[in-house]
Amino acid sequence: MCAIGSVALSAPNAVEPRLTATAASAPGVRAELSWVSQRIINATNAFRKQETLRPVEGNPRLSEAAAYFADYMARTSEYSHEADGGTPASRANRFGYDHCIISENIAYQFNLAGFTPEQLAERLVEGWKHSPGHRKNMLDPDISDIGVATARSAKTGYYYAVQMFGRAKSSTIAFAIANRSGTAFTYTLGDQKFPLSPRTTRSHEGCRPAQLMLLPPGGEPQVLPVQPDNGDRFVVLKENGSLAIRKEGKKEGQMR
């Protein structure tokens, strides 16, 4: 039996021990579950690499939050993202992860015959990969951190898993754009539009990278978009009858 919820594995040559319904208190079981969690992280990064995305790094604070919640669900048999009365974001905050982006996948697995650690990790990862919401979390291009934990219910024998993803608040992207052209214009940032009057500067702060593009009055964009980095400052000028956007004194594009 399995269930998943959200907001290529290689088998070792040696025969692995089984995580069974009667072995929860046996020595080494918690170490085996720690191995399962690491295997999930490795498999997640293999999946991201397959989709040409950068890997995520294990974060101890997210791991602590995931461990708390997996243990909570295993202890209470309550299963939802709000099972403890909190949210993924509140749990991240509780364990000291100051986040800009946070997301969470959860799942449980049960088998009377038990699992090898390899089997348990593989079933959890494959279940998430084939569920659209969980897959989206695993393949979010803007996350950088991960925390994973698994726990077993001594009462039911169910295994609960929590996979948390995040981007730290310190990775917030902040930049400014100043209108020194003497002409009002509009620009887009991602899918949002912003008017900017002459002699005006607007600051932006966001968690996800977005493209910045100037829009000529009543026309289509004619300037190749730029993607602001944290700390950038853009200045829009008028040169030879055209609007030009510069970053740190370097010309980025023009429009008429």
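Residues numbered from 1 in each chain as written. Predicted model: local features only at pLDDT ≥ 70, side-chain atom pairs only at ≥ 80, totals over all residues. Heavy atoms only, no water.

## A word on the nonpolar core
Core analysis: the biggest nonpolar cluster contains 23 residues, and Ile40, Leu120, Leu124, Trp128, Met138 and Ile146 have the highest contact counts within it. When contributions to this core are tallied by element, the ones reaching two or more residues are α1 (29-50), β3 (99-109), α4 (117-129), β4 (145-152) and β5 (159-168). Considering each element in turn, this core owes the most residues, six residues, to α1. Those residues within four positions of Ile146 in sequence are excluded, and the remaining contacts are Ile41, Thr44, Val56, Glu57, Gly58, Asn59, Leu62, Ser63, Gln163, Met164 and Phe165. Counting residues in hydrophobic clusters, the runner-up holds 22 residues, among them Ala83, Ile106, Ala151 and Tyr158. (Core = buried A, V, L, I, M, F, W, Y, C linked by side-chain atoms within 4.5 Å. Buried < 20%, exposed > 50% of the residue type's maximum accessible area, 1.4 Å probe, protein only. Helix = DSSP H or I, 4+ residues; strand = E, 2+ residues; numbered from the N terminus. Contact = heavy atoms within 4.5 Å.)

## Things to note about the side chain of Ser181
Looking at the element boundaries, Ser181 is found in the loop between β6 (173-179) and β7 (185-189). A polar atom in the side chain of Ser181 sits 2.7 Å from the side chain of Asn179. Ignoring any residue separated from it by four or fewer positions in sequence, one finds Ser181 in contact with Val236, Leu237, Lys238 and Leu243. (Polar contact = N/O pair within 3.5 Å; in protein donor to acceptor, adjacent residues only side chain to side chain.)

## Some thoughts on the state of the cysteines
Linking two cysteines covalently via their sulfur atoms produces the bond known as a disulfide. Taken as a whole and judged by the stated rule, the model has one disulfide. A disulfide bridge connects Cys100 with Cys207, and the sulfur atoms are separated by 1.9 Å. Its S-S torsion of about -105 degrees marks the bond between Cys100 and Cys207 as left-handed, since a negative value means left-handed. Taken together, the residues span a long stretch of sequence, with Cys100 in strand β3 and Cys207 in the loop between β9 (201-206) and β10 (212-215) at a distance of 107 residues. (Disulfide = S-S within 2.5 Å.)

## Side note on unusual backbone geometry
At Thr52, a position not held by glycine, the phi torsion is positive, near 60 degrees. For Thr52, the position within the fold is in the loop between α1 and β2 (57-58). Note on Thr52: relative accessible area 72%, which makes it exposed. Notably, Arg199 is not glycine yet its phi reads approximately 60 degrees, a positive angle. With respect to the helices and strands, Arg199 occurs in the loop between β8 (192-196) and β9. For Arg199, a relative accessible area of 73% translates into the label exposed.

## Examining the pattern of salt bridges
Under the defined criterion, the tally for this structure stands at nine salt bridges. The partner of Arg135 in a salt bridge is Glu51, and the shortest N-O contact between them spans 4.0 Å. Of this pair, Arg135 sits in helix α5 (residues 132-138) while Glu51 sits in the loop between α1 and β2, and the two are 84 residues apart along the sequence. The class of Arg135 is partly exposed, set by a relative accessible area of 32%. Notably, a salt bridge pairs Asp84 with Arg91, separated by 2.8 Å at the nearest N-O pair. (Salt bridge = Lys/Arg side-chain N within 4 Å of Asp/Glu carboxyl O.)

## Here's the deal with α4
Taking 1.5 Å as the rise per residue, α4 with 13 residues should run 18 Å; its terminal C-alpha atoms sit 18 Å apart, in good agreement. When we look at burial in α4, the residues that qualify are Pro117, Glu118, Leu120, Ala121, Leu124, Val125, Trp128 and Lys129. (Expected span 1.5 Å × (residues − 1).)

## Points about the packing of aromatic side chains
By convention here, two paired aromatic rings are described through the distance between centres and the angle between planes. Under the definition given, this model contains 10 aromatic pairs. Note on Tyr68 and Tyr72: the rings are 6.2 Å apart at their centroids and 45 degrees apart in plane angle, and the pair reads as tilted. Pair noted here: Tyr68 and Tyr72 are both in helix α2 (residues 60-76), with a separation of four residues, about one helical turn. Here Tyr68 and Tyr72 have matching classes, each one buried. On the numbers, 6.0 Å between centres and 55 degrees between planes, the contact of Tyr108 with Tyr160 is tilted. Taken together, the residues Tyr108 in strand β3 and Tyr160 in strand β5 connect sequence positions 52 residues apart. With a relative accessible area of 17%, Tyr108 lands in the buried category. One aromatic cluster is present, formed by Tyr79, Tyr108, Phe110, Tyr158 and Tyr160 through successive ring pairs. We note Arg91 situated over the ring of Phe69; from NZ or CZ to the ring centre the distance is 3.5 Å. Seen from the ring of Phe47, Lys129 lies directly overhead, with NZ or CZ sitting 4.8 Å from the centre. (Phe/Tyr/Trp six-rings, centres within 6.5 Å; stacked < 30°, edge-to-face > 60°. Lys NZ or Arg CZ within 6 Å of the ring centre and 35° of its normal.)

## Here we look at the pairing of β3
Summarising burial for β3: 10 of the 11 residues are buried, a large majority. Note that β3 and β5 share 10 bridges and pair antiparallel. Bridge pairing in β5 links Ile102 to Gly166. (Pairing = 2+ DSSP bridges.)

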